[in-house]
Amino acid sequence: LHDVGAAAFRVLGADRPASWIGAPLQDIPVDDPSRAVLIEYHGHGTRASAYAIRKGKWKYIHAVAAPDQLFNLEADPDELSDLSKARPDIVADLEAELLEICSPEQENARAEAFIEEQLAKIGHT
């Protein structure tokens, strides 16, 4: 979403704060195998937060309360064959990409606290 925001600023011709992250979508090649994309999920009713890094043909999933997974999306677009044990080199690379962006454990703790706060506000504890 940071990139979407940067794209909106570009389209509007508005100045964007220099400290904001993200690159305008207009500047991002469609198939850039070196670009890592973060996906995160903090849903009600899940055991914990989950994060994914997509880079080139690889998708690495780090779930705070479950084993990591790795998929080759070119060969396995339905994500049926976990390659995390067979390709620890790719897991290490993509995990490093994730850790450059955030600490999954800290973000999970923050998300859990927010969910608890929401539940308390509606009287569900």
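Right above here is the structure, for reference.
Sequence order sets the numbering: in each chain, residues are counted from 1 along the sequence as written. Predicted model: local features are reported for residues with pLDDT of at least 70 only, side-chain atom pairs are reported and counted for 80 or more only, and whole-chain, interface and lining totals are derived from all residues. Just so you know, side-chain values use all the structure's heavy atoms and leave hydrogens and water out.

Participant: I'd like to hear about the pattern of salt bridges, residue by residue, with values.
Facilitator: Salt bridge criterion: a side-chain nitrogen from Lys or Arg within 4 Å of a carboxyl oxygen from Asp or Glu. A full pass over the atoms with the stated rule returns eight salt bridges. Residue Arg35 is joined to Asp3 by a salt bridge in which the shortest nitrogen-to-oxygen separation is 2.2 Å. Residue Arg35 is found in the loop between helix H1 (2-12) and strand S1 (36-41), and its partner Asp3 is found in helix H1; the two are separated by 32 residues along the sequence. When salt bridges with common partners are traced through the structure, they connect Lys55, Asp93 and Glu97 into a single cluster. Helix and strand definitions here come from DSSP, where helices need a minimum of 4 consecutive H or I residues and strands a minimum of 2 consecutive E residues; each element is numbered from the N-terminal end.

Participant: Any chance you could break down H1 for me, citing the residues and the numbers?
Facilitator: Here's how the labels work: a residue is buried when its accessible area is under 20% of the maximum for its type, exposed when over 50%, partly exposed in between, all with a 1.4 Å probe on protein chains only. Buried within H1 are the following residues: Asp3, Ala6 and Ala7. In a view along the axis of H1, the buried residues occupy a sector of 100°, so they form one face of it. Along H1, the residues that are exposed and aim more than 90 degrees away from the buried face are His2 and Leu12. Following H1 by one or two positions, Gly13 has its phi on the positive side, about 70°. Here the arc refers to the directions that run from the helix axis out to each C-beta atom.

Participant: Talk me through the sheet that holds strand S3 (residues 58-63); I want residue IDs and the actual numbers.
Facilitator: We call two strands paired when DSSP finds no fewer than two bridges between them. The sheet built from four strands is open, its strands ordered S1-S2-S3-S4 with antiparallel pairing. The sheet terminates laterally at S1 and strand S4 (69-72), the two strands that pair on one side only. If you compare each strand with its neighbour and ignore which way they point, the axes differ by 15° on average. With six bridges joining them, strand S2 (residues 50-55) and S3 adopt antiparallel strand pairing. Considered in S3, the bridge of Ala50 is made with Ala63. Two residues form a contact once any of their heavy atoms are found within 4.5 Å. To obtain each axis, a line is fitted to C-alpha atoms, and for helices this fit is confined to the stretch in contact; angles are then taken between N-to-C directions over 0 to 180 degrees. Along the sheet face, helix H2 (residues 88-101) touches S1, S2, S3 and S4 and points at about 115° away from the line of S2.

Participant: Kindly report on the environment of Ser84, identifying the contributing residues and their values.
Facilitator: With respect to the helices, strands and loops of the structure, Ser84 is situated in the loop between S4 and H2. For Ser84, the contacting residues outside a window of four places in its chain are Asp68, Gln69, Leu70 and Val91.

Participant: Please set out the packing of aromatic side chains residue by residue, giving values where relevant.
Facilitator: A pair of aromatic rings is counted whenever rings of Phe, Tyr or Trp (Trp by its six-membered ring) have centres within 6.5 Å, and the orientation is called stacked for planes under 30 degrees apart, edge-to-face for over 60 and tilted otherwise. Summed over the entire model, instances satisfying the criterion amount to one aromatic pair. Seen in terms of ring centroids, Phe9 and Trp20 are 5.5 Å apart; in terms of plane orientation they differ by 90°. Their pairing is edge-to-face. Residue Phe9 is located in helix H1, and its partner Trp20 is located in the loop between H1 and S1; the two are separated by eleven residues in the primary sequence. Residue classification places Trp20 among the partly exposed positions, given a relative accessible area of 46%.

Participant: Mind laying out unusual backbone geometry, listing which residues take part and the relevant values?
Facilitator: For residues other than glycine, phi is negative in most cases, and the peptide bonds are mostly trans. Phi at Glu79 is positive, roughly 55°, even though this residue is not glycine. Judged by its relative accessible area of 27%, Glu79 falls in the partly exposed class.

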